[in-house]
Amino acid sequence: RGREVAATLRKRLDRVERLTRDRPRRSVLVVFGRSGEGGALREVYAAGRGGLYDEVIALAGGRNAYGKRVPAFPKLGPEGILQLDPDVIVELASEGMAGGHKEEELLGSWQALPGLGAVKAGRVRVLPGEYSEVPGPRLFRLVEELARVVHPEADWGRP
């Protein structure tokens, strides 16, 4: 049974790789938490290089907007985010990560940075789901969802 599951997961990753292979590697900022009240965009915790989310970004056909190796989970304010100017912003908002904020609240707060490439292009997304914070087989779902956000132009209906 384990070999069947592994083969299925490998097929899913191969499909993502095939559909993103010849596409531009857009810079992606993965946010997994915030500090501050009311969902305001004061400080966010992002995925740094070399960790689990860095690998998820690469598997999804993107590149991590935070190019430094340390810290592993940088805390960024609006100025730092503007400096990175990511092409895509994905905020992971499982119950444990969103701090009780609603998806609309999280999305709306990004409008405070209208100069960001991701905001201008309409490439800011909130991905809910407990699967986004626990490494395991369900993490493949995050890779697929992130790939769809990074490369919406790919033919995701194709098997």
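Residues numbered from 1 in each chain as written. Predicted model: local features only at pLDDT ≥ 70, side-chain atom pairs only at ≥ 80, totals over all residues. Heavy atoms only, no water.

Concerning the confidence of the model for the protein chain
Reading predicted coordinates in detail is not appropriate for stretches of low pLDDT.
Step number 1: Overall, the predicted model of the protein chain reaches an average pLDDT of 86, with 88% of residues at or above 70.
Step number 2: Mean pLDDT across the secondary structure elements of the protein chain bottoms out at helix α4 (residues 103-109), with 85, and peaks at helix α5 (residues 117-120), with 96. (pLDDT = per-residue confidence, 0-100. Helix = DSSP H or I, 4+ residues; strand = E, 2+ residues; numbered from the N terminus.)

Some remarks on the packing of helix α1 (residues 2-20) against helix α6 (residues 139-150)
Step number 1: Close contact between α1 and α6 brings their axes to 10 Å; oriented N to C, the two are set at 15 degrees. Considered as vectors, α1 and α6 are oriented roughly parallel to each other. In terms of crossing hand, the pair formed by α1 and α6 is left-handed. Here Leu9, Arg12, Leu13, Arg15, Val16 and Thr20 of α1 come into contact with α6, specifically with Phe140, Arg141, Val143, Glu144, Ala147 and Arg148. (Axes fitted to C-alpha atoms, helices over the stretch in contact; angles between N-to-C directions. Parallel < 35°, antiparallel > 145°, perpendicular 65-115°, else oblique. Left-handed = near helix turned anticlockwise from the far one by under 90°. Contact = heavy atoms within 4.5 Å.)

Re the pattern of salt bridges
Step number 1: All chains considered together, the criterion is met by nine salt bridges.
Step number 2: Among the ionic contacts, a cluster of salt bridges with common partners joins Arg23, Arg26 and Glu153. (Salt bridge = Lys/Arg side-chain N within 4 Å of Asp/Glu carboxyl O.)

Brief notes about the packing of helix α2 (residues 52-59) against α6
Any two packed helices are characterised by the angle at which their axes cross and by the distance between the axes.
Step number 1: At a closest axis distance of 8 Å, the pairing of α2 and α6 adopts a crossing angle of 50 degrees. The angle between the axes of α2 and α6 places the two elements in the oblique class. As α2 runs across α6, the sense of the crossing is right-handed. Each of Leu52, Tyr53, Val56, Ile57 and Leu59 in α2 lies in contact with α6, whose residues at this interface are Leu139, Leu142, Val143 and Leu146.
Step number 2: Per-class residue counts for the contact of α2 with α6 are nine nonpolar, no polar and no charged. (Nonpolar A, V, L, I, M, F, W, Y, C, P; charged D, E, K, R; others polar.)

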